[in-house]
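A look at the structure
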Amino acid sequence: MSKVYICTAIPYVNGDPHIGHAMDYLLADTFARFCRLNGDDVKFQVGTDEHGNKVFSTALKKGVSVAEYAKQNSQKFLDFIQKLNISYTDFIRTTDEGHVARCQKIWQKLSPHIYAGNYDGWYCDGCEGFITQKEYDENHGICPDHQKPYQRLTEKNYYLRIADFRADIAKAIESDNFRILPEFRKQEVLKLLEDTPDISISRPRGKLSWGVSVPGDDDQVMYVWLDALSNYITVLGYPDRDISDFWPATAQFVGKDILRFHTITWPAILLGLGLPLPENIVSHGHVLLNSKKMSKSLGNVVDPLEVIEHHGIEAFRYYFLRHIDTFTDSDFTWEKFDEAYNNELANDLGNLIQRLATMCHKNDIHGQELNIELDEQYLSLMGSYEFSKAFDQIWLKIQQINKNIDVSKPWELAKSGDSEKLNTVLQEMVHNLLSVGKYLEPFLPDTAAKIEDIFGTQETITAPSEPLFPKNRQ
RNA sequence: CGCGGGAUAGAGCAGCCUGGUAGCUCGUUUGGCUCAUAACCAAAAGGUCGUUGGUUCAAAUCCAACUCCCGCAACCA
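To keep things clear, this report deals only with the structure shown in the data block. What you are looking at is a predicted structure, and each value in this text was computed from that prediction instead of being measured. (Residues numbered from 1 in each chain as written. Chains lettered and ligands numbered in written order. Predicted model: local features only at pLDDT ≥ 70, side-chain atom pairs only at ≥ 80, totals over all residues. Heavy atoms only, no water.)

Remarks on the side chain of Asn73
For Asn73, the position within the fold is in helix α3 (residues 66–83). Contacts of Asn73, omitting those with residues within four sequence positions, involve Val13, Asn14 and Gly15. (Helix = DSSP H or I, 4+ residues; strand = E, 2+ residues; numbered from the N terminus. Contact = heavy atoms within 4.5 Å.)

As structure tokens, then:
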């Protein structure tokens, strides 16, 4: 039994949970459950990122206190996480007192690598933020949202000296000691690392009031990323406690869009603190809607709660873990979702459970206890986060059982009175289906439990009165 | 010349590293079965593997050039 620590990116609470957040949670949860299946001791962190200007100004607009607004939204995410049946062990808010105090201690520990400097760039009053040179060029120097020309502005910032860590980070990435998955992102990150300048890690209080104060400089507030990234270790109690039992993390799950922060800023912070780097950073792709990027401006956002409502949480987990590829962007459409539900969950698996249970019941077959070793292929796919491929393997087993039923024709054996053979045949299928349940556990925990309930009983097997995945549901 | 990925049956993808009858899932058509949620099983049709050229006895696979699509490029899962 080994200690496993799994982390998810903490979402920024300035909005409702969306499909993308679900990907982080589902992948991490599946891995966590897989590790438990292997007997590991799993710590599994989730949380919310609550500081920063956007939260502050939205709260102001809504006429609620910022603390209250953050709390409400944080609760929304927690509800969402629970709805997804995520088996987390720790939930952290960046507004937690303990986290804030620990961040300040982290800052102090990093101080040999921090220096005060000036940030110089194009700034828009209306947006209250700096913009990139590229954006400046594209908009011809005028903010499209506010119709005002950008101004050249210089402000005091503290910087983290990236040069102190660049070589070590690159070495860790190249050697896979700090492994970036999928592999094709590695090159991207290494290139990016070369060009990364020192990282600004604070803002003047006048620009950013809702955040963690910089120790020793009341006019400065920590940049949200420093505060947010630290959560992975403050939740373990760092630096107040020794965290070596669970740190370094076994796997951190992040969206591809925030990979840079987790492969450059984050390791720089860790190295500055003298801590080891996480073993794996797993970056997943984005969910596309009808092959298009989901975005508020396009108005094509799908509410995950609506999707969950449609066929239930197990179907939701099923679709996103199997048909949305772990590493690349994949498409969500209602048609595909329905198709997967009907063909695979209802027809292949649900119907198999129903038909086998009914046959067992008619022939007075008792359930059995399952004792199996997970096969090598499954272990290897799961261990390398190839969840959709692992799913394909499981489905082959399901199809095999369906095929076996047709080949061995239990109904004919029953008619001919060959009860010995019938018994053997059905018992074998029950065994195989129970093992499918075992393999499904990390993905579809409720379904796995139901299979266990039906076929793992000491009594005569009984078909459930209501199919597991009824068709013609709304 | 910023970095990277991709182009294979109506759709979504695998195969390419380590050249040698082009494969999977869905959809379509036909047949079988009756235990089951009109579910299950089998078979068939459907592709000159983005374009052009090269290497080779042999190229989806190796090489070169080109065309088109897409991701990333400091706060967006």
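Quick look at the packing of helix α7 (residues 184–195) against helix α10 (residues 259–273)
Between α7 and α10, whose axes approach to 10 Å, the crossing angle comes to 55 degrees. Judged on the interaxial angle alone, α10 and α7 are oblique. Judged by the twist between their axes, the crossing of α7 over α10 is right-handed. From α7, Arg185, Val189, Leu192 and Leu193 reach across to α10, where they touch Leu259, Arg260, Thr263 and Ile264. Of the residues contributing to the contact of α7 with α10, the split by class is five nonpolar, one polar and two charged. (Axes fitted to C-alpha atoms, helices over the stretch in contact; angles between N-to-C directions. Parallel < 35°, antiparallel > 145°, perpendicular 65-115°, else oblique. Left-handed = near helix turned anticlockwise from the far one by under 90°. Nonpolar A, V, L, I, M, F, W, Y, C, P; charged D, E, K, R; others polar.)

A closer look at the sheet that holds strand β12 (residues 213–214)
Taken in spatial order, the three strands of this open sheet run β11-β13-β12, and their pairing is antiparallel. In this open sheet, the two strands that pair with only one neighbour each are β11 (202–204) and β12. Sheet analysis places β12 next to strand β13 (residues 217–222), joined by two bridges and oriented antiparallel. Each residue of the ladder has a partner; that of Ser213, found in β13, is Val221. In the packing of helix α4 (residues 97–110) onto the sheet, contacts are made with β11, β12 and β13, and the angle to β13 comes to roughly 105 degrees. (Pairing = 2+ DSSP bridges.)

A word on the packing of aromatic side chains
Describing an aromatic ring pair means giving the distance of the ring centres and the angle of the ring planes. A full pass over the atoms with the stated rule returns 28 aromatic pairs. Taking 5.2 Å as the distance between ring centres and 45 degrees as the angle between the ring planes, the aromatic pair formed by Tyr318 and Trp395 counts as tilted. A residue pair is termed long-range when its members are at least 10 positions apart, and Tyr318 in helix α12 (residues 313–322) and Trp395 in helix α15 (residues 387–408) qualify at 77 residues. Given a relative accessible area of 1%, Tyr318 falls into the buried group. Relative to Phe320, the ring of Tyr319 has its centre 5.5 Å away and its plane inclined at 80 degrees; by these criteria the two rings are edge-to-face. Among the aromatic side chains, those forming a connected cluster through ring pairs are Phe31, Phe34, Phe253, Tyr318, Tyr378, Tyr385, Phe387, Phe391, Trp395, Tyr439 and Phe443. (Phe/Tyr/Trp six-rings, centres within 6.5 Å; stacked < 30°, edge-to-face > 60°. Buried < 20%, exposed > 50% of the residue type's maximum accessible area, 1.4 Å probe, protein only.)

A closer look at the pairing of strand β2 (residues 41–48)
One face of the sheet, then the other: side chains in a regular strand alternate in exactly this way. In terms of residue burial, β2 counts as a mostly covered element, since seven of its eight residues are buried. For the segment spanning strand β1 (residues 3–8), helix α1 (residues 19–37) and β2, crossover handedness is right-handed. Two elements, β2 and strand β3 (residues 90–93), share four bridges in a ladder whose sense is parallel. The residue of β3 that forms the bridge with Thr48 is Arg93. (Right-handed = clockwise from strand over helix to strand, strands pointing away.)

Focus: the pairing of β1
Counting buried positions along β1 yields five of six residues, so the element is predominantly enclosed. Looking at chain direction, β1 and β2 are connected through five bridges and run parallel. Directly across from Tyr5, in β2, lies its bridge partner Lys43.

Some remarks on helix α6 (residues 166–174)
Every buried residue of α6 is accounted for by Ile169, Ala170, Ala172 and Ile173. Axial view of α6: buried residues confined to an arc of 165 degrees, hence all on one face. Away from its buried face, by an angle of more than 90 degrees, α6 presents the exposed residues Ala167, Lys171 and Glu174. Where α6 is buried, its residues contact β9 (179–181), α7 and α10. Downstream of α6 by one or two residues, Asp176 has phi in the positive range, about 65 degrees. (Arc of directions from axis to C-beta.)

As for the protein's contact with RNA strand B
Residues in close proximity to RNA strand B total 44 residues, the closest being Lys54, Pro197, Arg203, Tyr223 and Asn351. In RNA strand B, atoms within 4 Å of the protein come from the sugar-phosphate backbone in 60% of cases. Within the contact set of RNA strand B, a base nitrogen lies 3.5 Å away from a backbone nitrogen or oxygen of Gly20. Residue Val287 places a main-chain N or O atom 3.0 Å away from a base nitrogen belonging to RNA strand B. Residue assignment for the surface near RNA strand B shows that the elements contributing at least two residues are α1, α8 (224–229), α10, α13 (334–362) and α15. With 12 residues, the single largest contributor to the surface near RNA strand B is α13. (Near = heavy atom within 4 Å. Polar contact = N/O pair within 3.5 Å; in protein donor to acceptor, adjacent residues only side chain to side chain.)

Here's the deal with the nonpolar core
Grouped together as the largest cluster of nonpolar side chains are 94 residues, with contacts concentrated most on Leu84, Phe320, Leu433, Phe443 and Phe455. With 12 residues, α13 is the largest single contributor of residues to this core. Here Leu433 is in contact with Leu349, Leu352, Ile353, Leu356, Ile401, Ile451 and Phe455, once residues within four sequence places are set aside. Formed by 51 residues, the second largest nonpolar core is a distinct cluster that contains Ile169, Val189, Trp225 and Ile264. (Core = buried A, V, L, I, M, F, W, Y, C linked by side-chain atoms within 4.5 Å.)

Description of the pattern of salt bridges
Under the definition given, this model contains 16 salt bridges. Between Lys3 and Asp41 there is a salt bridge; the shortest N-O distance is 3.2 Å. One end of the pair, Lys3, is in strand β1; the other, Asp41, is in strand β2, with 38 residues separating them in the sequence. Residue classification places Lys3 among the partly exposed positions, given a relative accessible area of 46%. Note on Asp41: relative accessible area 26%, which makes it partly exposed. In this structure, the salt-bridge partner of Asp16 is Lys76, at a minimum N-O distance of 2.7 Å. Of the two residues, Asp16 is situated in the loop between β1 and α1 and Lys76 in helix α3; the sequence distance between them amounts to 60 residues. You can call Lys76 partly exposed: its relative accessible area is 38%. What emerges from the salt-bridge pattern is a single network uniting Asp29, Arg33 and Arg317. (Salt bridge = Lys/Arg side-chain N within 4 Å of Asp/Glu carboxyl O.)

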